[in-house]
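Coordinate analysis (summary)
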Protein chains: 4
Amino acid sequence: MDARPEKQERWDRRMETPLAVASLLFLAGYTVRVLAHGMDQVWLDLCLAVTLGAWGVFIADYLVRLGLSGLGPLRFVRSHVLDTIVLVLPLLRPLQMVKIYEQIQRRHDKPRLTLYARVMAYSSLTVALLGFAGALAVYQHERGASGATIRTFGDALWWAAETLTTVGYGDVTPVTTIGRLIAVGMMACGVALIGAVTGSFSSWLIQTFTREDEKRPPGGTPGAS
Amino acid sequence: MDARPEKQERWDRRMETPLAVASLLFLAGYTVRVLAHGMDQVWLDLCLAVTLGAWGVFIADYLVRLGLSGLGPLRFVRSHVLDTIVLVLPLLRPLQMVKIYEQIQRRHDKPRLTLYARVMAYSSLTVALLGFAGALAVYQHERGASGATIRTFGDALWWAAETLTTVGYGDVTPVTTIGRLIAVGMMACGVALIGAVTGSFSSWLIQTFTREDEKRPPGGTPGAS
Amino acid sequence: MDARPEKQERWDRRMETPLAVASLLFLAGYTVRVLAHGMDQVWLDLCLAVTLGAWGVFIADYLVRLGLSGLGPLRFVRSHVLDTIVLVLPLLRPLQMVKIYEQIQRRHDKPRLTLYARVMAYSSLTVALLGFAGALAVYQHERGASGATIRTFGDALWWAAETLTTVGYGDVTPVTTIGRLIAVGMMACGVALIGAVTGSFSSWLIQTFTREDEKRPPGGTPGAS
Amino acid sequence: MDARPEKQERWDRRMETPLAVASLLFLAGYTVRVLAHGMDQVWLDLCLAVTLGAWGVFIADYLVRLGLSGLGPLRFVRSHVLDTIVLVLPLLRPLQMVKIYEQIQRRHDKPRLTLYARVMAYSSLTVALLGFAGALAVYQHERGASGATIRTFGDALWWAAETLTTVGYGDVTPVTTIGRLIAVGMMACGVALIGAVTGSFSSWLIQTFTREDEKRPPGGTPGAS
């Protein structure tokens, strides 16, 4: 599809480690800034700098890949929707870790997981990271609100878990407008990803039972059932 | 299936723009009437007139298509179930926008979305519009009720989001009979549409992972995994 | 599978109308007995008699069919699981109406619904009847309990709707042990049936979109997309 | 895959009854210890001893099978993920009963359940046992907490039912950190298993309706519809 795939591949490979490090730094910087708000101002500024620096790395990488692709900006955005979303909402950045982990695994020729297991692993990891990032963001906006029920980061994590699984006890809920907007986003993503997890798990379970049927006859005709 | 398809097609094409405009006017008129209830009486009457006028356009279009089809009223209703529901509950009208958007896109021969993406786009848009219209209708009936927890339109939207995703915190819930009837309708539709979104997303994700498998071997046999 | 199918079929056909009438009488008798508890004792006794009489008809029909089948009681129970459940919990009886409706429709050779539509219709009707019967049963046990939040039959219906769709606001919940046991049964059935509804709806939507693709090209090759 | 399958099979067969007994003793011991906390100290110690003894049997069986497999510990863990989880969290132990029940049934050549029925039976039983064990564990950690809403074991069971079906009324919810951690684990497992139940039920219902179509024509061409 692209005219210059070789250069792109070289760039992708060279950026793997820097991007992974930047992703971890971004999440760590944001986490510290939100959770340790009683900390010294110097450290908070450092966290902010680390977070923004990591974001800068993401933007630079995106622009270089845009240039290497030889496509116009609009067409590049259209064919890299997820990359663009992740650029704008870097809290979702760690999702890229899955991709990098897979690339490393492929190069070492290790046995890869089955299709359903990969869908489940990918969806579960996405849900977990989404939940963590969403809990952070909601906690940041709720903790100072009057009448808030989300008062500790533990409450925020508990709220994220019951939201993403659609259990929704309602013992802790966001009350601010921004908190509720983040919550709606989490519900939308969460519902879709939970659907992917349950769909894959269901298919995997049926597949497993089918295989057991085929393996079962000790000296008979395999697959006869 | 129909004897006079040419005339019908011409009618459909001619009505596209008027119907789209009427749909927008209906929703806008209803929205303003519900939300701006402290407004001058003249403007409220104007909104009501716009809303009813748009409804009249829908009824006229329905009757013309009934006449062009050459079918009896009962058979026409049976073969146009969605059109009839939308005629009676015009708050669901904007759903037709999807159809119109597709017709325009088809005529321009643009590349269309894949099957799953279209199901997801259609279902998500329907859910969003259903949520907005339901929030409006519930807000209209709840805001004056004693003991109501849905007191602002923001509350109503928040309630619609947690209802359609079946999260259901219960921090805001309808207390009037009409509000609860609308809520039951939203739950029924919402559950079905959310099922369609998650089902399509799950299938799409599995398809995507399968394709990645096929693309993956750099110099090997494609599709061997 | 059975040795005497002809006699059985004749019995099934002869019992159609009596069973349908008995089902309606059972539900009506139970409903009146629960809802009109301030009524004259004579009428309440009549309702009880009607309810028990209808139950007697069900038992008699079950025993006759057991005899006609030529199977032992245990094997008959094993091959008629649903019939046995419905005999023990006659509140689920009206479900059989679907079967009878289908038998009548088949004999008249009317065009039947498609597969997915029938699954959806069957599941939705079952959910609706299950919800109504469950709301009745829960209301009967909750209305006198101290600290109950389900105080009117409207509350019970509202509770049934939010339970079966797994929304679960929690504004009204059963507090008695029997009420909670009925609720757990409703959750278990409800979750399975809602899964059937959403699964069928999702499949139907995908099928509809696929057909539209095939119909679409005006003068081109059908099915090419 | 393994070099010494014969010895392993003999071991598996010999351990069936001891493992089943140990599983029951473990669950019984734990249940009594949690529920009968006002009992004499001697009996509580006995329960603890029974529980730990049963756990010892599980560990011994795991080690013997590790030895018989001829694999290294890491590879054995990787190919026996479920066995390892069950070793660490023996509250999930009774799940193995399904396996044993199937092995017994297979040896006696009884007609086995269909694929979907087995998936449903397995998932439902797992959900029920998971709910019971989770309710026990949560009750143990919540009953002494200040501000707890889960005060009786009945409350804990009710909470487990509304959590696993994702209804989540929120009338009773865990408030301690450990209770919430168990709850998150239950949500994750519950959502996946409920997905398997609904997926299988939906597939089974569609299959049943399809078969009815094929059986229906009394003297016509089967499968023609």
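Quick caveat: nothing in here was measured; it's all calculated off a predicted structure.

Moving on, we come to the overall build of chain A. What chain A contains, in helices and strands, is 8 helices and 0 strands. Listing the helices and strands of chain A from first to last along the sequence gives α-α-α-α-α-α-α-α. Approximately 11,700 Å² of chain A is accessible, and the part contributed by carbon and sulfur atoms is 65%.

With that settled, the discussion passes to unusual backbone geometry. If you check the backbone angles, A:Thr166 has positive phi at about 60° while not being a glycine. In this fold, A:Thr166 is placed in the loop between helix H7 (153–164) and helix H8 (177–215).

Another point: the UniProt feature "transmembrane region" (unreviewed entry) in chain A. All names here are of chain A. The sites that carry the UniProt feature "transmembrane region" (unreviewed entry) are, in the present numbering, residues 19–36, 43–64, 115–139 and 181–206. A distance of 25 Å separates the end C-alpha atoms of residues 19–36, which is 94% helix and 0% strand. Annotated as residues 115–139, this span is 100% helix and 0% strand, and its ends, taken at the C-alpha atoms, are 36 Å apart.

A separate point is the pattern of salt bridges. With the rule as written, the count across this model stands at 18 salt bridges over all chains. Note that A:Asp155 and D:Arg180 form a salt bridge whose closest N and O atoms lie 3.1 Å from each other. Of the two residues, A:Asp155 sits in helix H7 while D:Arg180 sits in helix H8 (residues 177–215), which places them in two different chains. Across this residue pair, the class does not change: A:Asp155 and D:Arg180 are buried. Across the pair C:Arg65 and C:Asp83 runs a salt bridge whose closest N-O atoms are separated by 3.2 Å. Residue C:Arg65 is found in helix H2 (residues 41–69), and its partner C:Asp83 is found in helix H4 (residues 81–88); the two are separated by 18 residues along the sequence. Comparing C:Arg65 with C:Asp83, the two get one shared label, buried. Members of the salt-bridge network, linked through shared partners, are A:Asp61, A:Arg65 and A:Asp83.

Another point: the interface of chain D and chain A. Often the size quoted for an interface is simply the accessible area lost on bringing the parts together. Listed by partner, the interface residues are 30 residues for chain D and 22 residues for chain A. Between chain D and chain A the total buried area reaches about 2,200 Å² when both faces are included, carbon and sulfur atoms providing 66% of it. It is D:Arg180, D:Met187 and D:Val191 in chain D that bury the most area against chain A; as a group they hold 23% of the surface buried on that side. The set of elements that each furnish at least two residues to the side of chain D that touches chain A consists of helix H5 (96–107), helix H6 (115–142), helix H7 (153–164) and H8 of chain D.

What follows deals with the relation of the copies chain D and chain A. Here chain D sits on chain A after a turn of 90° about the axis and a move of 0.0 Å along it, with an RMSD of 0.1 Å. In short, the pair behaves as if placed about a four-fold rotation axis. By residue overlap, the copies meet through two different surfaces: only 17% of the interface positions of chain D are interface positions in chain A.

For the rest of this paragraph, the subject is the packing of aromatic side chains. Following the criterion strictly, the structure yields 24 aromatic pairs over all chains and no others. The interplanar angle of 85° and the centroid separation of 6.1 Å between the aromatic rings of D:Phe26 and D:Trp55 together place this pair among those described as edge-to-face. Remark: D:Trp55 occurs in helix H2 (residues 41–69) and D:Phe26 occurs in helix H1 (residues 5–35); sequence separation between them is 29 residues. Its relative accessible area of 5% is what places D:Phe26 among the buried residues. Measuring from centroid to centroid gives 5.9 Å for D:Phe132 and D:Phe153, while their planes differ by 90°, and the two rings are edge-to-face. Linking D:Phe132 in helix H6 with D:Phe153 in helix H7, this pair joins segments that are 21 residues apart in sequence. We classify D:Phe153 as buried; its relative accessible area is 15%. Put simply, the rings of A:Phe26, A:Trp55 and A:Phe58 touch in pairs and so form one group of aromatic residues. Lying across the ring of B:Tyr139, B:Arg143 places its NZ or CZ 5.1 Å from the centre.

The next subject is helix H7 (residues 153–164) of chain C. All names here are of chain C. Look at H7: 16 Å from first C-alpha to last across 12 residues, which is about the 16 Å you get at 1.5 Å a residue. Buried residues dominate H7, accounting for 10 of its 12 residues. All of the buried residues along H7 are Phe153, Asp155, Ala156, Trp158, Trp159, Ala160, Ala161, Glu162, Thr163 and Leu164.

Turning our attention to the environment of D:Cys189. Residues and elements named next belong to chain D. Mapping cysteine 189 onto the fold places it in helix H8. According to the relative accessible area criterion, cysteine 189 is partly exposed, its value standing at 36%. Between the alpha carbons of cysteine 189 and leucine 164 there is a distance of 8.3 Å; along the sequence they are 25 residues apart.

What follows is about the environment of D:Val50. Relative to the helices and strands, D:Val50 resides in helix H2. With 24 residues separating them in the primary sequence, D:Val50 and D:Phe26 have C-alpha atoms 6.7 Å apart.

Its 31 residues place the ends of H1(D) 43 Å apart at the C-alpha level, agreeing with the 45 Å of an ideal helix rising 1.5 Å per residue. For H1(D), the principal kink sits at D:Glu16 and spans about 45°; a proline, D:Pro18, occurs within the next four residues.

Turning next to a nonpolar patch on the surface. Residue and element names in this part refer to chain D. Together, Val21, Leu25, Val32, Met39, Val42, Trp43, Leu46 and Val50 line one region of the surface with nonpolar side chains, adding up to about 670 Å² of accessible area. Where the nonpolar patch is concerned, the elements lending two or more residues are H1 and H2. Among the elements that make up the nonpolar patch, the one with the highest residue count is H2 (4 residues). Its location among the elements puts valine 32 in helix H1.

Right, let's get into the confidence of the model for chain A. Residues and elements named next belong to chain A. Averaged over all residues, the pLDDT of chain A equals 80, while 82% of them reach at least 70. Mean pLDDT across the secondary structure elements of chain A bottoms out at helix H5 (residues 96–107), with 61, and peaks at H7, with 93. Taken together, the stretch residues 217–225 has pLDDT below 50 and engages in 5 contacts with residues farther than four places along the chain or on a different chain.

Residue and element names in this part refer to chain A. Their axes nearest at 8 Å, the elements helix H1 (residues 5–35) and helix H2 (residues 41–69) cross at an angle of 155°. By the angle class used here, H1 and H2 are roughly antiparallel. Classified by chirality, the crossing of H2 by H1 is left-handed.

Next up on the list: the packing of H2(C) against H4(C). Residues and elements named next belong to chain C. The interhelical angle for the contact between H2 and H4, taken along N-to-C directions, is 155°, at an axis separation of 10 Å. Of the possible angle classes, the one that applies to H2 and H4 is roughly antiparallel. H4 is crossed by H2, and the crossing has left-handed handedness. Counting all contacts with H2, which are made through Trp55, Phe58, Ile59, Tyr62 and Arg65, the residues of H4 involved are Asp83, Thr84, Leu87 and Val88. Taken together, the residues of the contact of H2 with H4 break down into 6 nonpolar, 1 polar and 2 charged.

A word on the environment of C:Ala196. Turning to its location among the elements, C:Ala196 is positioned in helix H8 (residues 177–215). Using a relative accessible area of 0% as the deciding quantity, one classes C:Ala196 as buried. Aside from chain neighbours lying at most four places away, what touches C:Ala196 is C:Val119, C:Ser123, D:Phe201, D:Ser202 and D:Leu205.

All names here are of chain D. Position of glutamate 142 among the secondary structure elements: in helix H6. An unpaired buried charge is present at glutamate 142: no salt bridge exists, and arginine 180, the closest side chain of opposite charge, is 6.6 Å distant. Among the polar contacts listed, one links the side chain of glutamate 142 to the side chain of threonine 176, at a separation of 2.7 Å. Setting aside residues no more than four positions away along its own chain, glutamate 142 makes contact with Ala148, Ile150, Thr173, Pro174, Val175, Thr176 and Gly179.

Definitions and cut-offs
- Residues numbered from 1 in each chain as written.
- Chains lettered and ligands numbered in written order.
- Predicted model: local features only at pLDDT ≥ 70, side-chain atom pairs only at ≥ 80, totals over all residues.
- Heavy atoms only, no water.
- Helix = DSSP H or I, 4+ residues; strand = E, 2+ residues; numbered from the N terminus.
- Areas by Shrake-Rupley, 256 points an atom, 1.4 Å probe, with all protein chains shown as cover.
- UniProt positions renumbered as here; feature names shortened; annotations may be inferred.
- Salt bridge = Lys/Arg side-chain N within 4 Å of Asp/Glu carboxyl O.
- Buried < 20%, exposed > 50% of the residue type's maximum accessible area, 1.4 Å probe, protein only.
- Contact = heavy atoms within 4.5 Å.
- Buried area = accessible area lost by both parts, 1.4 Å probe.
- Least-squares fit on C-alpha atoms with pLDDT ≥ 70 in both.
- Phe/Tyr/Trp six-rings, centres within 6.5 Å; stacked < 30°, edge-to-face > 60°.
- Lys NZ or Arg CZ within 6 Å of the ring centre and 35° of its normal.
- Expected span 1.5 Å × (residues − 1).
- Bend = angle between axes of the 7 residues up to and from the residue.
- Patch = residues over 30% accessible without salt bridge, like charges linked within 9 Å, V, L, I, M, F, W, Y side chains within 5 Å.
- pLDDT = per-residue confidence, 0-100.
- Axes fitted to C-alpha atoms, helices over the stretch in contact; angles between N-to-C directions.
- Parallel < 35°, antiparallel > 145°, perpendicular 65-115°, else oblique.
- Left-handed = near helix turned anticlockwise from the far one by under 90°.
- Nonpolar A, V, L, I, M, F, W, Y, C, P; charged D, E, K, R; others polar.
- Lys, Arg positive; Asp, Glu negative; His and termini not counted.
- Polar contact = N/O pair within 3.5 Å; in protein donor to acceptor, adjacent residues only side chain to side chain.

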